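Structural features, examined
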Amino acid sequence: MPGFRDIVGQTHIKNLLMRTAREGTASHAYLLAGEEKAGKTFIARIFAQALLCERRAESGEPCGQCPSCKKVMADAHPDVRTVVHEKEGSIRVSEIIEQLVDDAYLTPYAAERKIYIVPDAHLITRDAQNKLLKTLEEPPSYVTILLLATGTDAMLPTIKSRCVPLPLRPVPTQELYAFLRKQQGASEYKASLSARFARGNTGKAIAHASDPQFETNARAAMRLIETLRNVTVPETNKQMKAISSENATERETREEVLNIIRCLLRDLMVYKATGEKEHLILEEQEEYIRDTAATSTFRGLAETAEALRTARTRIEANVSPVYALELFFVKARDCLGGNT
Ligand SMILES: [Zn+2]
């Protein structure tokens, strides 16, 4: 069963939580902030396990074997509650009150602590945050609340100031690579490609490495990128379509391809600024990146990146992807120094 040792990167968080478990000094609230898929839930569960473990190691590592550990991992422990929400985009007052504020007054059922895990804490509405604040201000002694959020901008400063901040950091590419090779059994090439594209996000790295389509998409997108400067728009669109039709989930493939184009634009800027190839995500495309960086300007690259963001926003707003991308390709060709 997984323990702290299985968390990739995030040493600062691991050390703090292990020490806390070891010394039995849990605070009443923690705020884990990091991208989607970065591993917040995974870390929260291991911490909950460690706090409630019946045979915890001296290091603070949970045993993974006792009934308590097993129940926490299966999300079946009566004293570890995960707050769920009905609406996709918000956690409402009634949900916070029923599942957390009122529930917190009931003493633990089996353990000494009661732990609340709140995924998507950035979605808690303003009113619901005010209710939660009351619990954070005067928490029952046995309560620990783990707020998991992709961002903290929408959270009340008074909430944030009552939580121990645990910001997740991007995992170094080399560490992700080693993890994919050792723990996931990925090939050298796949591990390298997946790690670079994950941009420090463990969940994304795992998703890339375990997706049989990812390598194909990455190659196709890179081929498409090579032609961005010189082919006509209808041709580029045809290629884009060809990539999309290779599997069933057209939207996901398109997202992936656009992500790869975003990586390329980032590489072009980095290369243009530093002239160094060490930090390129698309290292196979070094020659193309060198040539393109030479024929384009910073302003042109920034405008292309902006056009890509606009295309994504339009697609999200249900504009036809073909049309939205056509506008992007025109902009890209103009800005990347194409000559047709
Ligand atoms: Zn245990």
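Residues numbered from 1 in each chain as written. Predicted model: local features only at pLDDT ≥ 70, side-chain atom pairs only at ≥ 80, totals over all residues.

1. Brief notes about the sheet that holds strand E4 (residues 143-149)
Ordered in space as E2-E3-E4-E1-E5, the 5 strands form an open sheet in which the pairing is parallel. Only two strands of the sheet have a single partner each, and these edge strands are strand E2 (80-82) and strand E5 (164-167). Geometrically, the sheet is characterised by an average inter-axis angle of 15° between neighbouring strands, direction not taken into account. The sheet contact formed by strand E3 (residues 114-118) and E4 spans 5 bridges and is parallel. Note that in E4 the partner of Lys114 across the bridge is Val143. Strands strand E1 (29-33), E2, E3 and E4 of the sheet are contacted by helix H2 (residues 40-52), whose axis makes an angle of about 170° with E4. (Pairing = 2+ DSSP bridges. Helix = DSSP H or I, 4+ residues; strand = E, 2+ residues; numbered from the N terminus. Axes fitted to C-alpha atoms, helices over the stretch in contact; angles between N-to-C directions. Contact = placed C-beta atoms within 7 Å.)

2. Let's talk about the pairing of E3
Extensive coverage of E3 is indicated by the burial of 5 of its 5 residues. Across the two faces of E3 the burial is the same, with Lys114, Tyr116 and Val118 and Ile115 and Ile117 all buried. As defined by bridge partners, E2 adjoins E3 across 3 bridges and the pair is classed as parallel. Residue Thr82 lies in a different strand from E3, and its bridge partner there is Ile117. Regarding the hand of the β-α-β motif, the stretch spanning E2, helix H4 (residues 93-101) and E3 is right-handed. (Buried ≥ 20, exposed ≤ 12 C-beta atoms within 10 Å, placed from the backbone. Right-handed = clockwise from strand over helix to strand, strands pointing away.)

That's the geometry; what it means functionally is another story.
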